[in-house]
Amino acid sequence: MHQAGMETLLHLQARLINGQLEVQKEEGYVEVESFTFHSGASPEELARLPKDTPKEIVHFLSVHNGARLYFTPDGGGGFELFSIDAILTYLPIWECPPGFIPIGAGPDGEWLVCESISEGDNRIWTGEFLTYEDPDFERLPFSFDKWLDYLIVAQGTMYWDWFR
């Protein structure tokens, strides 16, 4: 299985200097942002995930059991990709129905949740609060792997909002 998001992530990591990178955002804004990657989860830890967790997310967690991407020097903004412990913590807090897995939080606390549609298909949902009832607005047309790939190419901007 080719995983564009993980490949792009490796190239991003190779460009980091002391966990930081100068990033250009919308409207020409430039800032040095920080990145933190946790070590991979063990097979025993991965076994704690819900059975319908998409393979792309399991693979990401096996490499990095959580990460912080595009955080400003004061620790604000950015994206947190959850560890297994955080996924299991937020599953009941965010009242995720079966087939939905919390995967992280965006710059302003937006929820990032992955819907497992079938074994080979998943979609990211995002919003300040999810009802899990409005696929036309809350569900993005991207799998986790594509979402991560595009997030890195867009330098940590919420590119999906450009079209809403």
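Whatever comes next refers back to the structure up there.
All values derive from a computational prediction rather than experimental measurement.

Thoughts on the layout of surface pockets
Link 1 in the chain: Of the volumes computed, that of the largest pocket is approximately 200 Å³.
Link 2 in the chain: Along the walls of the largest pocket sit 16 residues, with Lys-25, Glu-33, Gly-77, Gly-78 and Gly-156 positioned nearest its centre.
Link 3 in the chain: Taken together, the residues of the lining of the largest pocket break down into five nonpolar, six polar and five charged.

Re the pairing of strand β6 (residues 111-118)
Link 1 in the chain: Two strands pair when backbone bridges link them, and strand β5 (residues 100-105) and β6 are joined in this way by five bridges, in the antiparallel orientation. What sits directly across from Phe-100, in β6, is Glu-115.
Link 2 in the chain: Turn length for the β5-β6 hairpin, with the two strands adjacent in sequence and antiparallel, is five residues, and the turn residue Gly-109 shows positive phi of about 85°.
Link 3 in the chain: In sequence, β6 turns back onto strand β7 (residues 121-127) through a hairpin of two residues.

Details of the pairing of β7
Link 1 in the chain: The element β7 is largely enclosed, with a buried count of five among its seven residues.
Link 2 in the chain: Here β6 runs beside β7; their pairing, made up of seven bridges, is antiparallel. Residue Cys-114 lies in a different strand from β7, and its bridge partner there is Ile-124.

Digging into helix α5 (residues 144-153)
Link 1 in the chain: The buried count for α5 comes to seven of 10 residues, which makes it a mostly enclosed element.
Link 2 in the chain: Among the residues making up α5, those that are buried are Phe-144, Asp-145, Trp-147, Leu-148, Asp-149, Leu-151 and Ile-152.
Link 3 in the chain: Of the residues one or two after α5, Gln-155 is the one with positive phi, at around 55°.

Regarding the sheet that holds strand β2 (residues 30-37)
Link 1 in the chain: The strand order β1-β2-β3-β4-β5-β6-β7 describes an open sheet built from seven strands, whose pairing is antiparallel. Across the chains shown, the open sheet's two edge strands, defined by having one partner strand only, are β1 (20-24) and β7. Here the average twist between neighbouring strands, direction ignored, is 25°.

What about the side chain of Glu-115?
Link 1 in the chain: If you trace the backbone, Glu-115 turns up in strand β6.
Link 2 in the chain: Other than its neighbours up to four places away in sequence, Glu-115 contacts Gly-99, Phe-100, Asp-121, Asn-122, Arg-123, Trp-125 and Arg-139.

Observations concerning helix α4 (residues 84-93)
Link 1 in the chain: Looking only at α4, the buried set comprises Ile-84, Ala-86, Ile-87 and Leu-91. The buried residues of α4 occupy one face: seen down the axis, they fall within an arc of 150°. For α4, the exposed residues lying more than 90 degrees away from the buried face are Pro-92 and Ile-93.
Link 2 in the chain: Against the buried residues of α4 lie α2 (43-46), α3 (55-63) and β5.
Link 3 in the chain: In the stretch just after α4, Glu-95 is the one whose phi turns positive, near 50°.

Description of the packing of α3 against α5
When two helices pack together, their arrangement is given by the angle between their axes and by how far apart the axes lie.
Link 1 in the chain: In contact at an axis separation of 8 Å, α3 and α5 are set at 55° when each is read in the N-to-C sense. Between α3 and α5, the angle is such that the two are oblique. Facing α3, whose interface residues are Glu-56, Ile-57 and Phe-60, α5 presents Phe-144, Asp-145 and Leu-148.

A look at the pattern of salt bridges
Link 1 in the chain: As enumerated under the stated definition, the model contains five salt bridges in all.
Link 2 in the chain: When the shortest N-O distance is used, the salt bridge between Glu-115 and Arg-139 registers 3.2 Å. With Glu-115 in strand β6 and Arg-139 in the loop between β7 and α5, this pair connects stretches of sequence that are 24 residues apart.
Link 3 in the chain: A relative accessible area of 14% places Glu-115 in the buried class.
Link 4 in the chain: Two residues, Asp-121 and Arg-123, come together in a salt bridge whose shortest N-O distance is 2.8 Å.
Link 5 in the chain: Judged by its relative accessible area of 23%, Arg-123 is partly exposed.

How each quantity is defined
Residues numbered from 1 in each chain as written. Predicted model: local features only at pLDDT ≥ 70, side-chain atom pairs only at ≥ 80, totals over all residues. Heavy atoms only, no water. 1 Å grid on protein atoms, 1.4 Å probe; cavity = no way out; pocket = protein on both sides within 12 Å on 5 of 7 lines; lining within 4 Å. Points joined across faces, edges and corners; volume = space filled by probe spheres on them. Nonpolar A, V, L, I, M, F, W, Y, C, P; charged D, E, K, R; others polar. Pairing = 2+ DSSP bridges. Helix = DSSP H or I, 4+ residues; strand = E, 2+ residues; numbered from the N terminus. Buried < 20%, exposed > 50% of the residue type's maximum accessible area, 1.4 Å probe, protein only. Axes fitted to C-alpha atoms, helices over the stretch in contact; angles between N-to-C directions. Contact = heavy atoms within 4.5 Å. Arc of directions from axis to C-beta. Parallel < 35°, antiparallel > 145°, perpendicular 65-115°, else oblique. Salt bridge = Lys/Arg side-chain N within 4 Å of Asp/Glu carboxyl O.

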